[in-house]
Amino acid sequence: MDWRTLFTLQHHQVHSSALSGDDTDFHMPDMLLDGMSEEQLRLSPRDDQNSVVWLLWHIARCEDVVGGALLSADGQVLDQGWHAKLGVPRRDIGTGMTPMEVRELSQRIDVDGLLAYRLTVGQRTKELLGQLDDPFLDAPVTVDNVDVLAALETFGAHAGWVGEYWKTRTRAWFLWLPTGHCYQHLGEAITVRTMIGVPWAP
């Protein structure tokens, strides 16, 4: 299996069936959201735990930043009018947010807008995949790439370390953010689901 095939398989699994068009396959978000009310999606079961909507927003923001600024120069999907659709003015990826900020975003964000934003980001990543080649991916990201993101408040007030870490990575490493990073946080979202009393029955 080549890396594009593996990436596509994993990318489809961490997005809704609307991305692949195959509702018979394994799609973690579809299973996660099944049976959850909007109120439950917004709940943080305790201060050190994020809500399901916050987790979906965070992984969407990370994928958007990677696709629009590090694997291409197309710009972020967010800047195509999505601030208004999400109802959230933030540009950062959420790392380092305080419990109060997490709760505020969780209550404020438009859930339908969030799901549409994440799908649009996923579609852009899918389209971008055919443009990537091994020499491009083997090269490191440039310091300027990351510094521009920092200037756009991508890393927030408490997560400057993320940008410094990103400066040490090759572009290939960032393929993890639309796949493995999503598996990680969708797993966290399943834990949140069970903590607030919604059984998990895949």
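This report concerns the structure included in the present document. (Residues numbered from 1 in each chain as written. Predicted model: local features only at pLDDT ≥ 70, side-chain atom pairs only at ≥ 80, totals over all residues. Heavy atoms only, no water.)

1. Some words on the overall build of the chain
Part 1 of the argument: If you tally the helices and strands in the chain, you get 12 helices and zero strands.
Part 2 of the argument: Secondary structure elements of the chain, listed N to C terminal, follow the sequence α-α-α-α-α-α-α-α-α-α-α-α.
Part 3 of the argument: On C-alpha atoms alone, the chain measures out to a radius of gyration of 16 Å, which is about the 17 Å that the 2.2 N^0.38 rule sets for 202 residues.
Part 4 of the argument: Each principal axis of the C-alpha atoms in the chain carries an extent, and together these give about 50 × 40 × 30 Å.
Part 5 of the argument: For the chain, the residues scored as buried account for 45% of the 202 residues in total.
Part 6 of the argument: For the chain, contacts bridging at least 24 residues in sequence account for 74% of all contacts bridging at least 6.
Part 7 of the argument: When the accessible area of the chain is evaluated, it comes to approximately 9,500 Å², of which 54% is carbon and sulfur surface. (Helix = DSSP H or I, 4+ residues; strand = E, 2+ residues; numbered from the N terminus. Rg over C-alpha atoms; globule rule 2.2 N^0.38 Å. Buried < 20%, exposed > 50% of the residue type's maximum accessible area, 1.4 Å probe, protein only. Contact = heavy atoms within 4.5 Å. Areas by Shrake-Rupley, 256 points an atom, 1.4 Å probe, with all protein chains shown as cover.)

2. Notes on the environment of Ala-139
Part 1 of the argument: Assignment of secondary structure puts Ala-139 in the loop between helix 9 (134-138) and helix 10 (143-151).
Part 2 of the argument: Distance in space between the C-alpha atoms of Ala-139 and Ile-196 is 44 Å, their sequence separation being 57 residues.
Part 3 of the argument: Beyond its immediate stretch of four places on either side in the chain, Ala-139 contacts Thr-170 and Arg-171.

3. Quick look at a nonpolar patch on the surface
Part 1 of the argument: A contiguous nonpolar patch, built from Met-1, Leu-6 and Leu-9 and spanning about 320 Å² of accessible area, is present on the exposed surface.
Part 2 of the argument: With respect to the helices and strands, Leu-6 occurs in helix 1 (residues 3-13).
Part 3 of the argument: Judged by its relative accessible area of 37%, Leu-6 is partly exposed. (Patch = residues over 30% accessible without salt bridge, like charges linked within 9 Å, V, L, I, M, F, W, Y side chains within 5 Å. Salt bridge = Lys/Arg side-chain N within 4 Å of Asp/Glu carboxyl O.)

4. Things to note about unusual backbone geometry
Part 1 of the argument: Non-glycine residue Glu-153 carries a positive phi angle of around 65°.
Part 2 of the argument: Topologically, Glu-153 is positioned in the loop between helix 10 and helix 11 (160-166).
Part 3 of the argument: For Glu-153, a relative accessible area of 57% translates into the label exposed.

5. Structural notes on helix 8 (residues 111-129)
Since the α-helix advances by 3.6 residues per turn, residues separated by three or four positions end up pointing in the same direction.
Part 1 of the argument: End to end, helix 8 covers 27 Å across 19 residues, agreeing with the expected 27 Å (1.5 Å per residue, within 8%).
Part 2 of the argument: Looking at helix 8, one finds that the buried residues are Val-111, Gly-113, Leu-114, Tyr-117, Arg-118, Val-121, Gly-122, Arg-124, Thr-125, Leu-128 and Leu-129.
Part 3 of the argument: The N-terminus of helix 8 is capped by Asp-110, whose side-chain oxygen sits 3.2 Å from the backbone nitrogen of Asp-112. (Expected span 1.5 Å × (residues − 1). Polar contact = N/O pair within 3.5 Å; in protein donor to acceptor, adjacent residues only side chain to side chain.)

6. Quick word on the pattern of salt bridges
Part 1 of the argument: Counting across every chain of the model gives 10 salt bridges.
Part 2 of the argument: Residue Asp-92 is joined to Arg-90 by a salt bridge in which the shortest nitrogen-to-oxygen separation is 2.8 Å.
Part 3 of the argument: Judged by its relative accessible area of 5%, Asp-92 falls in the buried class.
Part 4 of the argument: Residue Arg-90 is classed as partly exposed on the basis of its relative accessible area of 25%.
Part 5 of the argument: Because the salt bridges share partners, they merge into one network encompassing Arg-61, Asp-64 and Arg-124.

7. Here's the deal with the state of the cysteines
Part 1 of the argument: Following the criterion strictly, the structure yields zero disulfides and no others.
Part 2 of the argument: With no disulfide of its own, Cys-62 lies closest to Cys-182 among cysteine sulfurs, the gap being 8.2 Å. (Disulfide = S-S within 2.5 Å.)

8. A short note on the packing of helix 1 against helix 8
Part 1 of the argument: Remark: helix 1 packs on helix 8, axes separated minimally by 11 Å, with the N-to-C direction vectors making an angle of 170°. With respect to helix 8, the axis of helix 1 lies roughly antiparallel. For the pair formed by helix 1 and helix 8, the contact residues are Trp-3, Arg-4, Phe-7, Thr-8, His-11 and His-12 on the first element and Gly-122, Thr-125, Lys-126 and Leu-129 on the second.
Part 2 of the argument: In terms of residue class, the contact of helix 1 with helix 8 is made up of three nonpolar, five polar and two charged. (Axes fitted to C-alpha atoms, helices over the stretch in contact; angles between N-to-C directions. Parallel < 35°, antiparallel > 145°, perpendicular 65-115°, else oblique. Nonpolar A, V, L, I, M, F, W, Y, C, P; charged D, E, K, R; others polar.)

9. With respect to the environment of Leu-128
Part 1 of the argument: Note on placement: Leu-128 falls in helix 8.
Part 2 of the argument: As a C-alpha pair, Leu-128 and Trp-57 span 71 residues in sequence and 21 Å in three-dimensional space.
Part 3 of the argument: When residues no more than four places from it in sequence are discounted, the contact partners of Leu-128 are Gly-67, Leu-71 and Ser-72.

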